[in-house]
Protein chains: 2
Amino acid sequence: MAIHTENIIVEKTKASRINSVDFSNLNFGSVFSDHMFVCDYEDGKWQTPKIVPYQPITLEPSAKIFHYGQSIFEGMKAYKDEEGSVFLFRPMDNIKRMNISAKRLAMPEIPEAYFMDGLKELLKVEKDWIPSAKGSALYIRPFMFATGKGFHASPADSYKFIIACAPSGAYFSGKVKVLIEEHYSRSANGGVGFAKAGGNYAGQFYPTQLAKDKGYQQVIWTDDNTHEYIEEAGAMNIFVRINDTLLTVPTSDRILDGITRKSILAIAEAEGITTEVRKIKVSELIEASENGSLKELFGAGTAAVISPISGFGYKNKDYELPELENTYGELLKKRITDIQTNQTDDAFGWRVKVC
Amino acid sequence: MAIHTENIIVEKTKASRINSVDFSNLNFGSVFSDHMFVCDYEDGKWQTPKIVPYQPITLEPSAKIFHYGQSIFEGMKAYKDEEGSVFLFRPMDNIKRMNISAKRLAMPEIPEAYFMDGLKELLKVEKDWIPSAKGSALYIRPFMFATGKGFHASPADSYKFIIACAPSGAYFSGKVKVLIEEHYSRSANGGVGFAKAGGNYAGQFYPTQLAKDKGYQQVIWTDDNTHEYIEEAGAMNIFVRINDTLLTVPTSDRILDGITRKSILAIAEAEGITTEVRKIKVSELIEASENGSLKELFGAGTAAVISPISGFGYKNKDYELPELENTYGELLKKRITDIQTNQTDDAFGWRVKVC
């Protein structure tokens, strides 16, 4: 299944849109670069991969993506340093996780070389689209969905894998106030919560809207059985600092194995910060907040890197976090983005130079 | 929000495909009729509804259906009697459930009149596509998905609602052998299991494949916390007959409020069959199988109506069901299809004549 760059058909756009983009004023994921990588799975195998102009997709009304939710994705970023070199961050982890998601959703796994060579070749074509301003990056969205036809509730027989790119600024700005969820849930034991499956996100929107109506920006998800344990922060993994210990919850079949999450754990340990990976009760957060030992709460994910939390609501009561200087969140965000953007040595071997 | 038939723009096909279809040999949901109803939600409101030739849909690669799983659907059937009259079965229940699904997935609710008038008008246009042979029907698939653009994980700002039709024979043939699931789950407490959301189905495919590899055709879903209680049968509601009592489990936020399910309960009661709606333990099924009181197991849903189960596997042991004559499953299927196809009086007021 190995491919080589020369096997990818490259069809370049005749009309680049790059001069119409205000790179100093980028939102997250709303402007798309000139090209995308496309590979179709048909007749039991992956077809010839292509790089083509970013363009609409045409599907039959009975395509299973519209009916049975076979859709998975990844989120990655490409960074450009001061010399104009382009880097990815732990891309093999995205590839492997995409295939873990694919398996759980009964979708074909993508040969790693197709993904990696396709991505690198795409980034070479889109190099001018990679912003270099601090905090910005080329957000990369690999995604796969069912194109096979028919109303029968069964896996599709064809799929489309695409990598599209969006030059982006920071995902969130400022601290967010979160609501600890007491009723709704993100995922089931034995379900698909660990996969980056589209359906996991759609189910979060309504509870998040309800939280917004109450004045919160995000939801802290809790376990679906007791709602006593915290699980994720919106679409991110969650970190808690109690005194000087940094805690996060273990991954499971309900919780995404976030790349930012595990990078933060590794960096924190290298920085001499005590870390603990264990279940965290809501009652422990409340108690720590009340006795002053709760110092920080933040979400961690590719898009926002680290999203600091200013306070949380639970059972109609609000708990404020202290305003600290020199937070773990700021330190860890600086360390991880310095590695990502080639501002520092990469002792972990995470950075991959593309061109 | 009321619409009238004269407000629906009807654009008829110039080349009907109906003569290319072998109506005596129809699979389920794989041949599609000439037209579909389409209504777009844009700029905060539903736009002019249209009936157009069945045709491909074109979407941006960043359309949220590809990324965040905002997709819901319904399943209905239109029946034609010997005089050529066309009937629907409890269509308002589908409309109401579609909007329950829409709300949970943070999608706009569809005005009931748009749905109903659009569906009726579509059926008048597609009347010749409705098969009248026993067991066959025009399967109707209303579905809605997010068309709005952007990689931000938030509800889309535009949607497409479509009603497409597929003349279909029976969904399943023969009895199925099922596996009681001990690890995987279909839905979470506080999740979206009660909604007809695409993601609920994608998550079932892989565990179902594993069951098929072991020689079973379907999975009996159990609660995600203990796996001690049965919940659904594949994509259908589940019924159990113990001695002469017909049991099914209560609906909840994990279990679909099936229209066939509640119709069966009502018909069974009218037939003098004792029914119970309560939680059912796997251990109760095992015990009833061992002491001979377990008489029938079947799934119930629009597509298959009733899908009889010949036996089940649990913890590496197989349990066979008895071969009975005059089963509840057969009786109830005959009663419900007689009502649906205008072969009998409709004491319940469920049948709706379209034309």
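The name given to chain A in an unreviewed UniProt entry is Branched-chain-amino-acid aminotransferase, and the organism recorded there is Winogradskyella echinorum. Taken from UniProt, the Cofactor (unreviewed entry) comment for chain A reads in full: "pyridoxal 5'-phosphate". In UniProt, chain A has this text filed under Sequence similarities (unreviewed entry): "Belongs to the class-IV pyridoxal-phosphate-dependent aminotransferase family."

**Overview of the pairing of strand β19 (residues 317–320) of chain A**
All names here are of chain A. Pairing geometry for strand β18 (residues 305–314) and β19, over four bridges, is antiparallel. What sits directly across from Y314, in β19, is K317. Here β18 folds back onto β19, and the loop between the two strands holds two residues, one of which, K315, carries a positive phi near 45°.

**A few points about empty space enclosed by the protein**
Under the criterion given, the structure shown has five cavities of 30 Å³ or more. The computed volume of the largest cavity comes to approximately 340 Å³. Forming the walls of the largest cavity are 31 residues, and the residues nearest its centre are V192 and N200 of chain A together with R186, V192 and N200 of chain B. Those elements giving two or more residues to the lining of the largest cavity turn out to be α4 (198–213) of chain A together with α4 (198–213) of chain B. Estimated volume of the second largest cavity: approximately 110 Å³. Lining the second largest cavity are G75, M76, K77, Y79, F89, N94, I259, T260, G301, T302, V305 and Q340 of chain A. Looking at the lining of the second largest cavity, the elements that each hand over two or more residues are β7 (76–80) and α5 (259–270) of chain A. No other element matches the three residues that β7 of chain A contributes to the lining of the second largest cavity. The residue makeup of the lining of the second largest cavity, split by class, is five nonpolar, six polar and one charged. Two domains share the lining of the second largest cavity, each providing at least three of its residues, namely domain 1 (5–168) and domain 2 (176–340) of chain A.

**Digging into the packing of helix α2 (residues 91–104) of chain A against helix α3 (residues 112–125) of chain A**
Two quantities define a packed helix pair, namely the angle between the helix axes and the distance between the axes. Residue and element names in this part refer to chain A. Contact pair α2 / α3: the axes reach a minimum separation of 10 Å and the direction vectors enclose 135°. Between α2 and α3, the angle is such that the two are oblique. Read as a crossing pair, α2 and α3 show a hand that is right-handed. Of the residues in α3, those in contact with P91, M92, I95, K96, M98 and N99 of α2 are E112, F115 and M116. For the contact of α2 with α3, the class distribution of residues is six nonpolar, one polar and two charged.

**A closer look at the packing of aromatic side chains**
Scanning the entire structure with this criterion turns up 44 aromatic pairs over all chains. Taking the centre distance of 4.7 Å and the plane angle of 65° together, the rings of F28 of chain B and Y139 of chain B count as edge-to-face. Here F28 of chain B, found in the loop between β1 (9–10) and β2 (35–42), pairs with Y139 of chain B, found in strand β9 (residues 137–146); they are 111 residues apart in sequence, far enough to count as distant. When its relative accessible area of 4% is taken as the criterion, Y139 of chain B is described as buried. Plain terms: the ring middles of F348 of chain B and W350 of chain B are 4.1 Å apart, the flat faces sit at 10° to each other, and that makes the pair stacked. Taken together, F37, Y41, W46, F115, Y159 and F161 of chain A form an aromatic cluster joined through their ring pairs. The positively charged end of R241 of chain B is found above the aromatic ring belonging to Y328 of chain B, 3.9 Å away from the centroid. K279 of chain B extends its terminal NZ or CZ atom over the ring of Y229 of chain B, reaching a point 4.8 Å from the ring centre.

**Observations regarding the relation of the copies chain A and chain B**
Between chain A and chain B, the superposition needs a rotation of 180° and an axial shift of 0.0 Å, giving an RMSD of 0.0 Å. The operation mapping one copy onto its partner corresponds to a two-fold rotation axis. The overlap is high: 100% of the interface residues of chain A also sit at the interface in chain B, so the same surface is used on both sides.

Rules used in this analysis
Residues numbered from 1 in each chain as written. Chains lettered and ligands numbered in written order. Predicted model: local features only at pLDDT ≥ 70, side-chain atom pairs only at ≥ 80, totals over all residues. Heavy atoms only, no water. UniProt positions renumbered as here; feature names shortened; annotations may be inferred. Pairing = 2+ DSSP bridges. Helix = DSSP H or I, 4+ residues; strand = E, 2+ residues; numbered from the N terminus. 1 Å grid on protein atoms, 1.4 Å probe; cavity = no way out; pocket = protein on both sides within 12 Å on 5 of 7 lines; lining within 4 Å. Points joined across faces, edges and corners; volume = space filled by probe spheres on them. Nonpolar A, V, L, I, M, F, W, Y, C, P; charged D, E, K, R; others polar. Domains from an automatic or database assignment. Axes fitted to C-alpha atoms, helices over the stretch in contact; angles between N-to-C directions. Parallel < 35°, antiparallel > 145°, perpendicular 65-115°, else oblique. Left-handed = near helix turned anticlockwise from the far one by under 90°. Contact = heavy atoms within 4.5 Å. Phe/Tyr/Trp six-rings, centres within 6.5 Å; stacked < 30°, edge-to-face > 60°. Buried < 20%, exposed > 50% of the residue type's maximum accessible area, 1.4 Å probe, protein only. Lys NZ or Arg CZ within 6 Å of the ring centre and 35° of its normal. Least-squares fit on C-alpha atoms with pLDDT ≥ 70 in both.

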